[in-house]
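Notes for the structure review
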Amino acid sequence: MSRRSKKAAAAPGAARPTVTVCRGCCCGTPAKVPRLDHEAQLTDLRTALAGVAMIRRTDCLDACERANVVVIQPSAEGRQAGGRPVWLGQVNDPDAAADITTWVKNGGPGLAEPPGILDLYAFVPSRRVRHELGD
């Protein structure tokens, strides 16, 4: 997922990683993922990563079978270091969100190795979806 380990300190105004949280037809709904406070998860990510990453909410990432989906896009520095967007599915518990937060605070894709447990959540979306999203 990343090529080097380095703690990145984001300078004010510097490009930051982007965390995109799907909250469309399946992700973010109790009908698909019960027993999770979806709004609290999004709020917790926004609070924990304030000033570190941009948090975006999107309607659908077209990977509904893996609800809840979160995509971590590298900062400009992370992309230069070889980092690419990392797609995580079934992010349905507080520990997963905490692992994402820790990784992004440490620099995210290209700058820091993700906690090993996130490998269990990682997946590669279809070429069509990657093309539509510009990844």
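Right above here is the structure, for reference.
No experiment lies behind these values; they were computed from the predicted model shown.

**Considering the overall build of the protein chain**
When its secondary structure is counted, the protein chain shows four helices and five strands. Starting at the N terminus, the α and β elements of the protein chain follow one another as β-α-β-β-α-β-α-β-α. Out of the 135 residues belonging to the protein chain, those deemed buried represent 45%. For the protein chain, restricting intrachain contacts to residue pairs at least 6 apart in sequence, the fraction spanning at least 24 positions comes to 73%. Taken as a whole, the protein chain presents about 7,200 Å² of accessible surface, with 50% of it coming from carbon and sulfur.

**Examining the nonpolar core**
Counting residues in each nonpolar core, the largest one holds 20 residues, and the members touching the most others are Val-19, Ile-72, Leu-88 and Ile-100. Secondary structure elements with two or more residues in this core: β1 (18-22), α1 (38-48), β3 (70-73), β4 (86-88) and α3 (94-105). Counting residues in hydrophobic clusters, the runner-up holds 14 residues, among them Cys-22, Cys-64, Val-69 and Val-71.

**Some details on the pairing of β1**
Extensive coverage of β1 is indicated by the burial of five of its five residues. Of the two faces of β1, the one holding Thr-18, Thr-20 and Cys-22 and the one holding Val-19 and Val-21 are both buried throughout. Taken together, the five bridges between β1 and strand β2 (residues 54-58) define a ladder with parallel strand orientation. Counterpart to Cys-22 in the pairing with β2 is Thr-58.

**Observations regarding the sheet that holds β1**
One open sheet holds the five strands; their spatial order is β2-β1-β3-β4-β5, and the pairing between them is mixed. Lying at the two open borders of the sheet, with one neighbouring strand each, are β2 and β5 (122-123). Pairing analysis gives two bridges linking β4 to β5, with the strands arranged antiparallel. By the bridge assignment for β5, Trp-87 is matched with Phe-123. Against the sheet, α1 contacts β1 and β2, and its axis sits at roughly 155° relative to β2. Packed onto the sheet, α3 meets β1, β3 and β4 and runs at close to 10° relative to β3.

**Here we look at the pattern of salt bridges**
Overall, the coordinates contain one salt bridge when judged by the stated rule. Arg-57 serves as the salt-bridge partner of Glu-39, at 3.0 Å between the closest nitrogen and oxygen. Here the residue Glu-39 occupies a position in helix α1, and Arg-57 occupies one in strand β2, the gap between them amounting to 18 residues. Glu-39 sits in the partly exposed class, given a relative accessible area of 40%.

**Comments concerning α1**
Residues spaced three or four apart along an α-helix point in a common direction, a consequence of the helix completing one turn every 3.6 residues. Of the residues making up α1, those classed as buried are His-38, Gln-41, Leu-42 and Leu-45. One face of α1 carries all of its buried residues, which in axial projection span an arc of 95°. Those residues of α1 that are exposed and aimed more than 90 degrees away from the buried face are Asp-44 and Thr-47. The distance from a side-chain oxygen at the start of α1 to the backbone nitrogen of Glu-39 is 3.4 Å, and the residue carrying that oxygen is Asp-37.

**Some thoughts on α3**
With 12 residues, α3 extends 16 Å between its outermost C-alpha atoms, agreeing within 8% with the 16 Å of an ideal straight helix rising 1.5 Å per residue. Buried residues of α3: Ala-96, Ala-97, Ile-100, Thr-101, Trp-103 and Val-104, and no others. Seen from one end, α3 has its buried residues packed into an arc of 165°, which puts them on one side. Exposed residues on α3 whose side chains face more than 90 degrees from its buried face are Pro-94 and Asp-95.

Criteria and thresholds
- Residues numbered from 1 in each chain as written.
- Predicted model: local features only at pLDDT ≥ 70, side-chain atom pairs only at ≥ 80, totals over all residues.
- Heavy atoms only, no water.
- Helix = DSSP H or I, 4+ residues; strand = E, 2+ residues; numbered from the N terminus.
- Buried < 20%, exposed > 50% of the residue type's maximum accessible area, 1.4 Å probe, protein only.
- Contact = heavy atoms within 4.5 Å.
- Areas by Shrake-Rupley, 256 points an atom, 1.4 Å probe, with all protein chains shown as cover.
- Core = buried A, V, L, I, M, F, W, Y, C linked by side-chain atoms within 4.5 Å.
- Pairing = 2+ DSSP bridges.
- Axes fitted to C-alpha atoms, helices over the stretch in contact; angles between N-to-C directions.
- Salt bridge = Lys/Arg side-chain N within 4 Å of Asp/Glu carboxyl O.
- Arc of directions from axis to C-beta.
- Polar contact = N/O pair within 3.5 Å; in protein donor to acceptor, adjacent residues only side chain to side chain.
- Expected span 1.5 Å × (residues − 1).

Read these as geometric descriptors, not functional statements.
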